[in-house]
Amino acid sequence: MQSQKFDPTAIRLAPALDLEVKASGEGLIEGYASTFGGKPDRAGDIVAVGAFKQTLAEHAREGTTPAMLWSHQIEAPIGKWTALQEDRDGLHVAGRINLKTTRGREAFEHIAAGDAGAFSIGYLVREGGRKYLGDGVFSLTDVDLVEISVVTVPANPRARIAAVKSLTNKGELVDLLHDAGLAKAAAKQIANGGWPALSGDDTQQKAARLLAAIDAATARLRSE
């Protein structure tokens, strides 16, 4: 099998699932990293049954597993996935966090405390693995699973910046801010005032500044 050229910039990040992540005192974690069907994500994608079949078979054949990361940071491994299986609901995963490392212990404490309570996948779409269904919706039928991250809910800032970079109107910005934990009314106020500044050139830098301001405001509110 000819290996696919690895391009980090091509990795897509799935939205975090607001599903239960089970954890034990020995660093064992399990839950769903992706689910089939449902509503499309911000990119218009719906994961189809069987989308992980080929990539799981390749990992099994080569004796490898997707990386276990903290918040999609390739430099921040926290353990190893030990079991990955498609069932009728989605991709169920189980693994062990490395509690002998500082990063692993910290990650596990965040999970145990409920600060980080979801999984999110990083993947590449194989050629022909994304099919248009109409009305802006696509079906993901074949993906190459690169990593599965433990993330906070809502999704980590890097994923949110990627989402901001793709925004095309105020409505999408309102949805993003609401997903980030703001009340709908507050999200609309920020969108009305912030959209003109966000539009235009240098979107990534503007998005980063906007998200930093939101995170700082959220931190202040939580401390009060």
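Thresholds applied
- Residues numbered from 1 in each chain as written.
- Predicted model: local features only at pLDDT ≥ 70, side-chain atom pairs only at ≥ 80, totals over all residues.
- Heavy atoms only, no water.
- Helix = DSSP H or I, 4+ residues; strand = E, 2+ residues; numbered from the N terminus.
- Phe/Tyr/Trp six-rings, centres within 6.5 Å; stacked < 30°, edge-to-face > 60°.
- Lys NZ or Arg CZ within 6 Å of the ring centre and 35° of its normal.
- pLDDT = per-residue confidence, 0-100.
- Contact = heavy atoms within 4.5 Å.
- Expected span 1.5 Å × (residues − 1).
- Buried < 20%, exposed > 50% of the residue type's maximum accessible area, 1.4 Å probe, protein only.
- Arc of directions from axis to C-beta.
- Pairing = 2+ DSSP bridges.
- Axes fitted to C-alpha atoms, helices over the stretch in contact; angles between N-to-C directions.
- Core = buried A, V, L, I, M, F, W, Y, C linked by side-chain atoms within 4.5 Å.

**Student:** Lay out unusual backbone geometry in plain terms, naming residues and giving numbers.
**Tutor:** Although it is not a glycine, Ser71 adopts a positive phi angle of roughly 55°. Among the secondary structure elements, Ser71 is positioned in the loop between β5 (67-70) and β6 (73-86). Even without a glycine there, the phi angle at His72 is positive, about 65°. Locating His72 in the fold gives a position in the loop between β5 and β6.

**Student:** Tell me about the packing of aromatic side chains, and please be specific about residues and values.
**Tutor:** As enumerated under the stated definition, the model contains three aromatic pairs in all. Taking the ring centre of Phe138 as reference, the NZ or CZ of Arg130 above it sits at 3.6 Å.

**Student:** Tell me what's going on with the confidence of the model for the protein, and back it up with residues and numbers.
**Tutor:** In the predicted model, the protein carries a mean pLDDT of 76, and the fraction of residues at 70 or more is 61%. Helix α1 (residues 53-62) holds the highest mean pLDDT among the elements of the protein, 95, whereas helix α3 (residues 157-165) holds the lowest, 45. Between residues 1-8, whose pLDDT stays under 50, and residues either more than four places distant or in other chains, the model counts eight contacts. The model gives residues 154-165 a pLDDT under 50, and that stretch makes 30 contacts with residues more than four places away or in other chains.

**Student:** Requested: an account of helix α2 (residues 102-113), with residues and values cited.
**Tutor:** If you check α2, its first and last C-alpha atoms are 16 Å apart, about what 12 residues at 1.5 Å a residue would give, namely 16 Å. Looking at α2, one finds that the buried residues are Gly104, Ala107, Phe108 and Ile111. Angular distribution of buried residues about the axis of α2 spans 95°; they occupy a single face of the element. Exposed residues pointing more than 90 degrees away from the buried face of α2 are listed as Glu109 and Ala113. Following α2 by one or two positions, Gly114 has its phi on the positive side, about 85°.

**Student:** Quick one: what's the story with the sheet that holds strand β9 (residues 130-134), residue by residue and with numbers?
**Tutor:** Pairing is mixed in the open sheet, where three strands are placed in the order β4-β10-β9. Since the sheet does not close on itself, it has two edges, and those belong to β4 (45-47) and β9, each with one partner. Recorded for the sheet is a direction-independent mean angle of 30° between the axes of neighbouring strands. Bridge analysis of β9 against strand β10 (residues 137-140) gives four bridges, and the strand direction is antiparallel. Paired with Tyr132 across the bridge in β10 is Phe138.

**Student:** So what's going on with the nonpolar core? Residues and values would help.
**Tutor:** In this structure, Ile29, Phe52, Phe119, Ile121, Ile148 and Val150 are the most contacted members of the largest nonpolar core, which totals 28 residues. Those elements that place two or more of their residues in this core are β3 (28-35), β5, β6, β7 (90-97), α2, β8 (118-125) and β11 (143-151). It is β11 that provides the largest number of residues to this core, a total of four residues. Ile148 has contacts with Ala33, Pro66, Ala67, Met68, Leu69, Trp81, Leu84, Val93, Phe119, Ser120 and Ile121, leaving out every residue within four places of it along the chain.

**Student:** Kindly report on α1, identifying the contributing residues and their values.
**Tutor:** By the burial criterion, the buried members of α1 are Thr55, Leu56, Glu58 and His59. The arc that holds the buried residues of α1, viewed along the axis, is 160°, so those residues lie on one side. Of the residues in α1, the exposed ones pointing more than 90 degrees away from the buried face are Lys53, Ala60 and Arg61. For α1, the secondary structure elements touched by its buried residues are β6, β7 and β11. Looking one or two places after α1, you find Gly63, whose phi comes out positive at around 70°.

**Student:** Before we move on, can you summarise the environment of Thr55 with the specific residues and values?
**Tutor:** Structurally, Thr55 is set in helix α1. For Thr55, a relative accessible area of 0% puts it in the buried group. The sequence separation of Thr55 and Thr65 amounts to 10 residues, and the corresponding C-alpha distance is 9.7 Å. If we skip the residues at most four places from it in the chain, Thr55 touches Arg126, Val143, Asp144 and Leu145.

**Student:** Outline the pairing of β10, supporting the account with residue identities and numerical values.
**Tutor:** In this sheet, β10 lies alongside β4 in parallel orientation, the contact comprising three bridges. Across the sheet, residue Ile46 finds its bridge partner in β10, namely Ser139. Where β9 folds back on β10, the antiparallel hairpin that results is connected by two residues, among which Asp135 adopts a positive phi of roughly 55°.

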